[in-house]
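Structural overview for review
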Amino acid sequence: MRYRSTRGTAEASAPNFSDILLSGLANDGGLYLPTHWPHVSRDTLTAWRSLPYPDLAAEVIGLFTEGSIDRETLREMCRDVYGRFDHTAIAPLVEVEEGLFSLELFHGPTLAFKDMAMQMLGRLFEHVLKERDRHVTIVGATSGDTGSAAIEAFRGRERVSIVILHPHGRTSDVQRRQMTTVHDKNVLNIAVDGDFDTCQDMVKAMFADETFRQECSLSAVNSINWARIAAQIPYYIRAALALGGPDRPVSFAVPTGNFGNILAAWAAGQMGLPIEKLYVGSNRNDILTRFLLNNDMRVRSVEPSLSPSMDIQVSSNFERLLFEMLGRDPNRCRAIMEEFRQTGFMAVPHDAWENIGHVFRGHALDDAKTSDAMRRFHKESHYLADPHSAIGLATGSYYKEAGIPMVAAATAHPAKFPDAVEAATGIHPELPPHLADLFDREERYDVLPNDLARVKEAVLAHHRAR
Ligand SMILES: Cc1ncc(COP(=O)(O)O)c(C=O)c1O
Ligand SMILES: N[C@@H](CCOP(=O)(O)O)C(=O)O
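Remember, predicted model here, so these are calculated numbers, not experimental data.

1. Brief notes about the overall build of the chain
- A count of helical and extended segments in the chain gives 20 helices and 15 strands.
- Burial analysis of the chain (466 residues in total) assigns 64% to the buried set.
- Sequence separation of at least 24 residues holds for 76% of the intrachain contacts in the chain that already meet a minimum separation of 6.
- For the chain, the computed accessible surface area is about 17,000 Å², with 47% contributed by carbon and sulfur atoms.
- When the 49 positive and 61 negative side-chain charges of the chain are each reduced to one mean point, those points stand 2 Å apart.

2. What about the packing of helix H3 (residues 53-65) against helix H4 (residues 71-83)?
- Where H3 meets H4, the axes come as close as 8 Å, and the angle between the chain directions of the two elements is 135°. As far as their axial angle goes, H4 and H3 are oblique. Helix-helix and strand crossings are classified by hand; for H3 and H4 the assignment is right-handed. Across the interface between the two elements, Tyr53, Pro54, Asp55, Ala57, Ala58, Glu59, Ile61, Gly62, Leu63 and Thr65 from H3 touch Arg71, Leu74, Arg75, Cys78, Arg79 and Tyr82 from H4.

3. A closer look at the side chain of Thr181
- Among the structural elements, Thr181 can be located in the loop between helix H7 (173-180) and strand S7 (187-192).
- Side-chain polar atoms of Thr181 contact the backbone oxygen of Arg177, separated by 2.5 Å.
- Beyond its immediate stretch of four places on either side in the chain, Thr181 contacts Leu438, Arg441, Glu442 and Glu443.

4. Some thoughts on the pairing of strand S10 (residues 275-282)
- Counted residue by residue, S10 has 6 buried out of 8 residues, so it is predominantly covered.
- Crossover handedness for the path strand S9 (residues 250-255) to helix H12 (residues 260-270) to S10: right-handed.
- Inspection of the sheet shows S10 paired to strand S13 (residues 360-364) by 5 bridges, in the parallel sense. Residue pairing in the sheet places Val280 in a bridge with Gly362 of S13.

5. Topic: the site of ligand 1
- Taken together, 15 residues lie near ligand 1, and Lys114, Asp145, Gly257, Asn258 and Thr411 sit nearest.
- Contact distances for ligand 1 include 3.4 Å between an oxygen atom and a side-chain N or O atom of Ser309.
- For ligand 1, whose accessible area on its own is 380 Å², the fraction buried by protein is 97%.
- Looking at the shell around ligand 1, its residues break down into 5 nonpolar, 8 polar and 2 charged.

6. A look at the pairing of strand S14 (residues 406-410)
- S14 sits mainly inside the fold: 5 of its 5 residues count as buried.
- Bridge count between S9 and S14: 3 bridges; the pairing is parallel. What sits directly across from Ser251, in S14, is Met406.

7. Here we look at the pattern of salt bridges
- Applying the stated rule across the entire model yields 31 salt bridges.
- A salt bridge links Asp80 to Arg84; the shortest N-O distance between them is 3.2 Å.
- Overall, Arg84 belongs to the exposed group, its relative accessible area being 61%.
- Beyond isolated ion pairs, a larger network of salt bridges with shared partners links Glu59, Glu66, Arg71, Glu72 and Arg75.

8. Here we look at the site of ligand 2
- Around ligand 2 lies a shell of 13 residues, among which Thr142, Asp145, Thr146, Asn222 and Ser223 are the nearest.
- Between ligand 2 and the protein, one listed contact pairs an oxygen atom with a side-chain N or O atom of Asn222 at 2.7 Å.
- A total of 330 Å² of accessible area belongs to ligand 2 in isolation, and the protein chains cover 95% of it.
- Residues of the shell around ligand 2, tallied by class, amount to 2 nonpolar, 8 polar and 3 charged.

9. Let's talk about the environment of Thr343
- One can find Thr343 in helix H15 (residues 330-343).
- When the C-alpha atoms of Thr343 and Arg298 are compared, they prove to be 8.8 Å apart, with 45 residues separating the residues in sequence.
- A polar contact is formed between the side chain of Thr343 and the backbone nitrogen of Phe345, at a distance of 3.1 Å.

10. Structural notes on the packing of helix H14 (residues 318-325) against helix H16 (residues 350-359)
- Look at H14 against H16: their axes get within 9 Å of each other, and the N-to-C directions meet at 110°. Comparing their axes, H16 and H14 come out roughly perpendicular. Crossing hand, H14 versus H16: right-handed. Facing H14, whose interface residues are Phe318, Leu321 and Met325, H16 presents Ala352, Asn355 and Ile356.
- When grouped by side-chain class, the residues that make up the contact of H14 with H16 number 5 nonpolar, 1 polar and no charged.

Cut-offs applied
Per chain, residue numbering runs from 1 following the sequence as it is written. Working convention: letters from A go to chains and numbers from 1 go to ligands, in the order in which they are written. Local features in this predicted model are restricted to residues of pLDDT 70 or higher, and side-chain atom pairs are both shown and tallied only at a pLDDT of 80 or more, whereas totals for entire chains, interfaces and linings draw on every residue. To get the side-chain values, all heavy atoms of the structure are used, and hydrogens and water are removed first. In this text, helices come from DSSP runs of H or I with a minimum length of four residues, and strands from runs of E with a minimum of two, each type numbered from the N-terminal end. The classification of residues rests on relative accessible area computed with a 1.4 Å probe and restricted to protein chains. Under 20% of the type maximum is buried, over 50% is exposed, and intermediate values are partly exposed. Contacts are assigned to residue pairs with any non-hydrogen atoms lying within 4.5 Å of each other. Note that accessible areas follow from Shrake-Rupley with a 1.4 Å probe, and for residues the cover is restricted to the protein chains shown. His is not counted, nor are the chain ends, whereas Lys and Arg count as positive and Asp and Glu as negative. Each charge is placed at NZ for Lys, CZ for Arg, CG for Asp and CD for Glu. To get an axis, fit a line to the C-alpha atoms, keeping to the stretch in contact for a helix; angles then go from 0 to 180 degrees between the N-to-C directions. An angle counts as roughly parallel when it lies under 35 degrees, as roughly antiparallel when it exceeds 145, as roughly perpendicular when it falls between 65 and 115, and as oblique in every other case. What makes a crossing left-handed is the near helix being turned counterclockwise from the far one by less than a right angle; a clockwise turn instead makes it right-handed. Identification of polar contacts relies on pairs of N or O atoms within 3.5 Å, with a donor-acceptor requirement for protein atoms, meaning one able to donate a hydrogen and the other able to accept it, and with residues adjacent in sequence counted only if both atoms are side-chain atoms. By the criterion used throughout, a crossover qualifies as right-handed when its path from the first strand across the helix to the second strand runs clockwise, the strands pointing away from the viewer. At least two bridges found by DSSP between two strands is the condition for calling them paired. Here a residue counts as near a molecule or strand whenever at least one of its heavy atoms sits within 4 Å of it. Residues are grouped as follows: Ala, Val, Leu, Ile, Met, Phe, Trp, Tyr, Cys and Pro are nonpolar; Asp, Glu, Lys and Arg are charged; all remaining types, including Gly, are polar. Only one rule defines a salt bridge in this text: a Lys or Arg side-chain nitrogen within 4 Å of an Asp or Glu carboxyl oxygen.

Set out below in C-alpha cells:
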C-alpha cells in the first residue's frame, strides 16, 4: 500500500505506511491518503462477523500497512493492545432507544475513543522506530482527549519524546490532570494561552518549517496522521456487522470536531461497508453543520462549551474529504485550503458540496440542548452519557429512520466531564480505580503565551534533552 498527499502529485518516492506513520504530515502541507481504497467484498465482510475485535482490527489495519508490517506481527500487536481494554467486547454496543445504539469507545486507559487508535500507534511507532533505529519528537495539539491518550501511549518509550499543547483553562480538570500528572522524562505538557485552533495551527506551523522539522525529527499523532484514521475504521465495521451488515446498511452519528472519527466511518464505506448516512453532531461551534446546511464554511471564534473536546472551528480532516470530492485533484484542493487559511472562508464548489450532502447531514446542540439530552437519556433509558456522547446520541435520535440501525459514537466516559454530567442528571460519575487518586497527583506543565517562537524553543529544548 502506498500513499499520496492531498496537496501534491503522487510522490516519486511513493511513501509506504511506515514512512507516513513517522512523517505524519506531507512536506507540501497536505494530508496523506492511500493511493487507492482497498476493497473488502461482501463475502469477506460476512466472514469477519465471527472474528474477535483484535483480529478484525488486524485484518482492517493490515490493508493499510501492507508492504510495511507483516500481518502476524500486526495481529500480535492488536491482541496485546485491545487485551488491555476494560471491556471484553472492546467497543460494546448498547441499545439506548429502539433502533439507536451507543457504540462505546471509551473502554481504554484514558476513557476516550482516542485510545482505540492511539494505543495502536504507540506500538506501531515502537516497531518502526526500532526497525529504522530512529528517534522522533512527537508534537500534538489537544482539546483534551488526544493529549492524554497520546501521553499514555508514548510515556516512557525510549525512541520518542512527546510534547502536547493544550489550550490553557479550556479542558476539563480530569482531562488536564490526565496529561499533567504524568512525569515520565520523555513527556512535556504546554498550556498555551489560546484555543485548540491556536494549538493546532502551531503544530502545523512547526511542520511547515522544514529546518525545524528535520532538526527535531518531528512526528504527529493527531488525526492528521493517517494511521490514526486507519485504526479507527475497524470499530465501524464491527458495529455494522453486529447489526446485520453487510446485508443491511446502518447509519452512524458522530460527535465531531476535527472530523477524524467520522472520516473513518466514511472510509469504511469507501472500502465496501454498506452505510446509509453519516450524521455530524456539533456543539455551538457548529461550522460543519452550517456547511452541510448552507455551504457556509466560515470560521468564527472558538466558543467554550460543555463539550470542550469539540471546541474546534478548523477541522483538519475535512481536507481529506474535500480532496476526494474534488476528484482527487491536488491543485484545486491546495488552492481551496490556502484560501481558507488566508480568508477564514472555504469556497467549496457547489457540486462537491452537493455530493458531500448525499452522505453527510449535520445537527448542532447548544449547551442547554446538550444538558437536556444527557438528562433525557438518563431519565428515559437509564443511560449516562458524557456531553460529547450525548450530542452523538441526540443527533442519532433526531435522524433515525425505521429499519436502519443508527449507531451513535460514544466518545468519552462520563467521568471525564463529571460537572456537566452531574449538573444535568444529578449523578456524579466516579473515575475507575486506576484513576481514582487523579486529584491527589502532582501536576507539572508550562504555561506559554500564544507565541510560536516560544513554543518552538520549548519543543527544541525537550528534543535535545532526550
Ligand atoms: C470526546 C470527544 N468526542 C468527539 C471528538 C471529536 O472527534 P473528531 O475530532 O475526530 O471529530 C473529540 C475530539 O477529537 C473528543 O475528544
Ligand atoms: N478533540 C481532540 C482534538 C484533536 O483531535 P485529533 O483527533 O486530530 O487528535 C482532542 O481531544 O484533543
